[in-house]
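Results of the structural survey
Each chain, letter by letter, is given below.
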There are 2 protein chains.
Amino acid sequence: MGNLKREALSLYLVTDRALSLGRALTEIVRAAVRGGTTMVQLREKACDTRAFVELGRAVHDLLRPLGIPLIVNDRTDIAQVIGAEGVHIGQRDMAYADARRLLGPEAIIGLSVENDEQARECVSFSGLDYIGASPVFATPTKTDTARALGLEGVRRLRQIVGPTMPIVAIGGINSTNIQEIIHAGADGVAVVSALCSAREPEAAARALLHEINRAKS
Amino acid sequence: MGNLKREALSLYLVTDRALSLGRALTEIVRAAVRGGTTMVQLREKACDTRAFVELGRAVHDLLRPLGIPLIVNDRTDIAQVIGAEGVHIGQRDMAYADARRLLGPEAIIGLSVENDEQARECVSFSGLDYIGASPVFATPTKTDTARALGLEGVRRLRQIVGPTMPIVAIGGINSTNIQEIIHAGADGVAVVSALCSAREPEAAARALLHEINRAKS
């Protein structure tokens, strides 16, 4: 079990350079955290390892002084070399046990869960820090995702994994549906385009966080 | 410096599933090592991490009992998780110092060198196990490579890195040009299509090795 504070999942930015309207990723991240973003996942699927490391170091330099965890999607090697706080793995990435063995007990490791069966399986994953309920709603950001869980699916996952496992919801999330997602059992929301494609990521983060806090209060 | 025996570079298979004529990679590797292949590099550029790990374990299970080193292209995480003997990195992969730090002193680490400047730089890389002179001749296997070094280029690289650094040549190699490549200063040759696309990889390996041994004797 890594050093994840549950409230760090509240507003979780997942990066996507293709959706950042030509702006540098560091610019998006800087604005998003000024607006209250609590955690950042660096996701790069078509990037040289060298460039991925450089980008990761630049983002980590920005987040470390603020105490905001940086999570790397899929690549444990990138996470290790830049000293990131952890990794997020999907069902087609490295197996949880392998990732934990490589990164050690202190790393934050999150796992995408797309259905009830995967949720039941992950209950036995010792030290798993959080699950990503994915996707809650249909989303244009990822083309390889499973069928949308819906609010009912989030409620079912919460029942399966129990009250202590942190859950972050991802997929098609914006300020209009945050309330119901949190009420369905998520600890927070992960967003891609709602921040990366926002004209003003700082203001967008602030607005999303306001909805999250309202739902939790 | 890893545990590389210099003669292990003699006939170095670099895998490419797309060039394997529909045959399983384990089948190619099994036949190639029966024919005398001395080292294997697993190169996968468009593969889920989970599938890469599974493939790597299958190939490693095959090679480990034979004492043939398995090297993973680019991905130190895959190398670590499957317990491979090392990694091969290109100029756009992780920096050598980062890879060495992650994998420790025992791992074999090789680096692609495409020109004189990169050769001069790598002389200062403490513990680097070998360099891959790339590409010696123009090759259809990789589309992102630098200008062909030619035999003259191999001779220059040998002069720059000195007599003790192992060099494996790659790019456009077949039984007709092995003699001159070894005489230009390479310790061995790395091949992709000459084995992966061979109708009989075992016989092809045997024929290549025969040329290599003839050049060295």
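In this text, all values refer to a predicted model and were calculated from it rather than measured experimentally.

Looking only at helices and strands, chain A has nine helices and eight strands in total. In summary, chain A has a C-alpha radius of gyration of 16 Å against a globular reference of 17 Å for 217 residues, a match within 12%. If you line up chain A on its principal axes, its C-alpha atoms span 40 × 40 × 30 Å. Counting every position in chain A, which comprises 217 residues, the buried fraction comes to 61%. Sequence separation of at least 24 residues holds for 61% of the intrachain contacts in chain A that already meet a minimum separation of 6. As displayed, chain A has an accessible area near 9100 Å², and 50% of this comes from carbon and sulfur atoms.

Across the boundary between the two partners, chain A contributes 20 residues, which contact 20 residues of chain B. Roughly 1800 Å² of surface becomes buried between chain A and chain B when both sides are summed, with 46% attributable to carbon and sulfur atoms. Across the chain A-chain B interface, the total number found is four salt bridges. Here R57(A) ties to D98(B) by a salt bridge, and the two come within 3.0 Å at their closest N and O atoms. Inspection of the region where chain A meets chain B yields 12 residue pairs in polar contact (both at pLDDT 80 or more). Those elements giving two or more residues to the side of chain A that touches chain B turn out to be helix 2 (49-63), helix 3 (76-82) and helix 4 (96-103) of chain A.

Relative to the helices and strands, D77(A) resides in helix 3. With a relative accessible area of 0%, D77(A) lands in the buried category. Setting aside its immediate chain neighbours within four residues, D77(A) contacts R75(B), T76(B), D77(B), M94(B) and L102(B).

Attention now goes to the pairing of strand 8 (residues 188-191) of chain B. All names here are of chain B. By the alternation rule, side chains of strand 8 split into G188 and A190 and V189 and V191, which are all buried. The pairing of strand 1 (residues 11-14) with strand 8 spans three bridges and is parallel. By the bridge assignment, L11 is partnered in strand 8 with V189. Where strand 7 (residues 167-170) lies against strand 8, three bridges are found, and the strand directions are parallel. What sits directly across from V168, in strand 8, is G188. Chirality of the crossover, the property in question, places the unit of strand 7, helix 7 (residues 178-183) and strand 8 among those that are right-handed.

Residue and element names in this part refer to chain A. On inspection of all chains with the given rule, the structure shows four aromatic pairs over all chains. Where Y12 meets Y130, the ring centres are 5.9 Å apart and the plane angle is 70 degrees; that geometry is what we call edge-to-face. Of this pair, Y12 sits in strand 1 (residues 11-14) while Y130 sits in strand 6 (residues 130-133), placing them 118 residues apart in sequence. You'll find Y12 and Y130 in the same group, each marked buried.

Here we come to the pattern of salt bridges. If you walk through the whole model with that rule in mind, you get 30 salt bridges over all chains. Here R64(B) makes a salt bridge to D61(B), at a shortest N to O gap of 3.4 Å. Of the residues examined, R64(B) reaches a relative accessible area of 47% and is grouped as partly exposed. Connected through shared salt-bridge partners, R6(A), R158(A) and D187(A) make up one network.

Calculation criteria
Residues numbered from 1 in each chain as written. Chains lettered and ligands numbered in written order. Predicted model: local features only at pLDDT ≥ 70, side-chain atom pairs only at ≥ 80, totals over all residues. Heavy atoms only, no water. Helix = DSSP H or I, 4+ residues; strand = E, 2+ residues; numbered from the N terminus. Rg over C-alpha atoms; globule rule 2.2 N^0.38 Å. Buried < 20%, exposed > 50% of the residue type's maximum accessible area, 1.4 Å probe, protein only. Contact = heavy atoms within 4.5 Å. Areas by Shrake-Rupley, 256 points an atom, 1.4 Å probe, with all protein chains shown as cover. Buried area = accessible area lost by both parts, 1.4 Å probe. Salt bridge = Lys/Arg side-chain N within 4 Å of Asp/Glu carboxyl O. Polar contact = N/O pair within 3.5 Å; in protein donor to acceptor, adjacent residues only side chain to side chain. Pairing = 2+ DSSP bridges. Right-handed = clockwise from strand over helix to strand, strands pointing away. Phe/Tyr/Trp six-rings, centres within 6.5 Å; stacked < 30°, edge-to-face > 60°.

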